[in-house]
Amino acid sequence: MRKTSRFSTIQPHERLPDWLRRPLGEASAIERVQGLVKSNALHTICEEGRCPNRGECYAAGTATFLLGGSICTRSCAFCQVEKGRAQAVNPMESEKVADAVAAMGLRYVVLTAVARDDLADHGACLFTSAMDAIRARNPLIAIEVLTPDFWGGHADSRKAVAAQRQRLATVLNAAPVCFNHNLETVQRLQREVRRGATYERSLGLLAAARTLAPDIPTKSGLMLGLGESREEVIETMRDLRAVDCQRITIGQYLRPSLAHIPVARYWHPDEFDELGSIARDLGFAVVRSGPLVRSSYHAAD
């Protein structure tokens, strides 16, 4: 059954530009990874999110594994991942992820997860367990994490912040090579786009990561095309630099289905180039800005 939402009656008003049309890449690499993922009952955000770069990444020896199952406890308006009641955690997930990493011969792995607001630690242990299992097979594999905001479980704001920091510390103590948490969009559009998350909490998480683990670089991603202005994007980049976020990805939002929030406009590649230059001028050490850029695009570079 096709899913519907309040956005379902809003038809696309603009055709997909030529610069967003690209081949999937090396078919053999995609088929091989899809086979491994399916046979191990795993999930990758590459497949769940139908990333346009997945063939290129697989061929380059990188992939992003989705931990905690394929059902997210939050309902963000942009995301392709299924929403609903959380699945039971697979106790063998970390071992199966590690087996797949070894079988694929990956050199750089990104671990992300659905939001697991139902778990006491909000899924922090999902990251550390997978990292331990991967390193037990090959300690030289570089592991980046892309986490939810780890927020919730306490009505008292001070207790909520303390719990978030504790969950964050659990992940950082496992020493990933990079800590990534996506702000996704500008402050004005947060409530519409990121249900259950806030601009301030996400910035606070990134700031805390720098305090808790100053040797681990932080990273965040923005989607364009949701109705934001150029000035708002630049202001958001300034806010990220204010919490010492060192890496940024900027890409075009692509509507997964009619049930998702519509695209307001397609930003031109030249505009992405300009924003990339501004990001570098603001002090970001690593910048990836382009229509097809995603959070883990060229993460190993």
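Residues numbered from 1 in each chain as written. Predicted model: local features only at pLDDT ≥ 70, side-chain atom pairs only at ≥ 80, totals over all residues. Heavy atoms only, no water.

Colleague: Go over the overall build of the protein chain with me, naming the residues and quoting the values.
Modeller: On a plain count of helices and strands, the protein chain comes out with ten helices and nine strands. Going through the 301 residues of the protein chain one by one, you find that 54% of them count as buried. Expressed as a percentage of contacts within the protein chain between residues at least 6 apart in sequence, the contacts between residues at least 24 apart total 75%. Element-wise, carbon and sulfur atoms account for 53% of the exposed surface of the protein chain, whose accessible area totals about 13700 Å². (Helix = DSSP H or I, 4+ residues; strand = E, 2+ residues; numbered from the N terminus. Buried < 20%, exposed > 50% of the residue type's maximum accessible area, 1.4 Å probe, protein only. Contact = heavy atoms within 4.5 Å. Areas by Shrake-Rupley, 256 points an atom, 1.4 Å probe, with all protein chains shown as cover.)

Colleague: Outline the packing of helix α8 (residues 199-212) against helix α9 (residues 230-242), supporting the account with residue identities and numerical values.
Modeller: Running from amino to carboxyl end, α8 crosses α9 at an angle of 40°, the nearest separation of the two axes being 10 Å. Looking at the two axes, α8 sits oblique to α9. In this structure, α8 uses Tyr-199, Leu-203 and Leu-206 to contact α9, whose residues at the interface are Glu-235, Thr-236, Asp-239 and Leu-240. Partitioning the contact of α8 with α9 into residue classes produces four nonpolar, one polar and two charged. (Axes fitted to C-alpha atoms, helices over the stretch in contact; angles between N-to-C directions. Parallel < 35°, antiparallel > 145°, perpendicular 65-115°, else oblique. Nonpolar A, V, L, I, M, F, W, Y, C, P; charged D, E, K, R; others polar.)

Colleague: Account for the nonpolar core, naming residues and giving values.
Modeller: In this structure, Phe-65, Leu-111, Ile-134, Phe-179, Met-237, Ile-248 and Leu-275 are the most contacted members of the largest nonpolar core, which totals 69 residues. With seven residues, the top contributor of residues to this core is helix α5 (residues 124-137). One finds Tyr-108, Ala-142, Leu-146 and Cys-178 within the second-largest nonpolar core, a separate group that totals five residues. (Core = buried A, V, L, I, M, F, W, Y, C linked by side-chain atoms within 4.5 Å.)

Colleague: Hey, could you go over the pattern of salt bridges for me, with residue numbers and the actual values?
Modeller: Side chains carrying opposite charge are able to pair once their charged atoms draw close together. All chains considered together, the criterion is met by twelve salt bridges. Taking the shortest distance from any N to any O, the salt bridge between Asp-156 and Arg-158 comes out at 3.9 Å. Residue classification places Asp-156 among the partly exposed residues on the basis of a relative accessible area of 31%. With a closest N to O distance of 2.6 Å, Arg-188 and Glu-232 form a salt bridge. Of this pair, Arg-188 sits in the loop between β6 (178-180) and α7 (190-193) while Glu-232 is found in helix α9, placing the two residues 44 residues apart along the sequence. Through salt bridges with shared partners, a single ionic network connects Glu-95, Asp-99 and Arg-137. (Salt bridge = Lys/Arg side-chain N within 4 Å of Asp/Glu carboxyl O.)

Colleague: For the pairing of strand β7 (residues 218-224), give the residues involved together with the corresponding values.
Modeller: Of all the seven residues making up β7, seven are buried; the element is thus mostly covered by neighbouring parts of the structure. In this structure, β6 lies alongside β7, joined through two bridges in parallel fashion. Paired with Asn-180 across the bridge in β7 is Lys-219. Crossover connection from β7 via α9 to parallel strand β8 (residues 247-252): handedness right-handed. (Pairing = 2+ DSSP bridges. Right-handed = clockwise from strand over helix to strand, strands pointing away.)

Colleague: Which residues make up the packing of aromatic side chains, and what are the values?
Modeller: Under the criterion given, the structure shown has one aromatic pair. Ring geometry for Phe-127 and Phe-150: centres 6.3 Å apart, planes at 85°, overall edge-to-face. One end of the pair, Phe-127, is in helix α5; the other, Phe-150, is in the loop between β5 (142-146) and α6 (157-172), with 23 residues separating them in the sequence. A relative accessible area of 1% means that Phe-150 is categorised as buried. Residue placement shows Arg-241 over the ring face of Phe-284; its charged tip is 5.6 Å from the ring centre. Over the ring of Trp-267 we find Arg-265; its NZ or CZ atom is 4.0 Å from the centre of that ring. (Phe/Tyr/Trp six-rings, centres within 6.5 Å; stacked < 30°, edge-to-face > 60°. Lys NZ or Arg CZ within 6 Å of the ring centre and 35° of its normal.)

Colleague: Break down the side chain of Arg-194 for me, with residues and values.
Modeller: Relative to the helices and strands, Arg-194 resides in the loop between α7 and α8. Despite its burial, Arg-194 pairs with no opposite charge, the nearest such side chain being Asp-149 at 5.2 Å. A polar atom in the side chain of Arg-194 sits 2.8 Å from the side chain of Ser-202. (Lys, Arg positive; Asp, Glu negative; His and termini not counted. Polar contact = N/O pair within 3.5 Å; in protein donor to acceptor, adjacent residues only side chain to side chain.)

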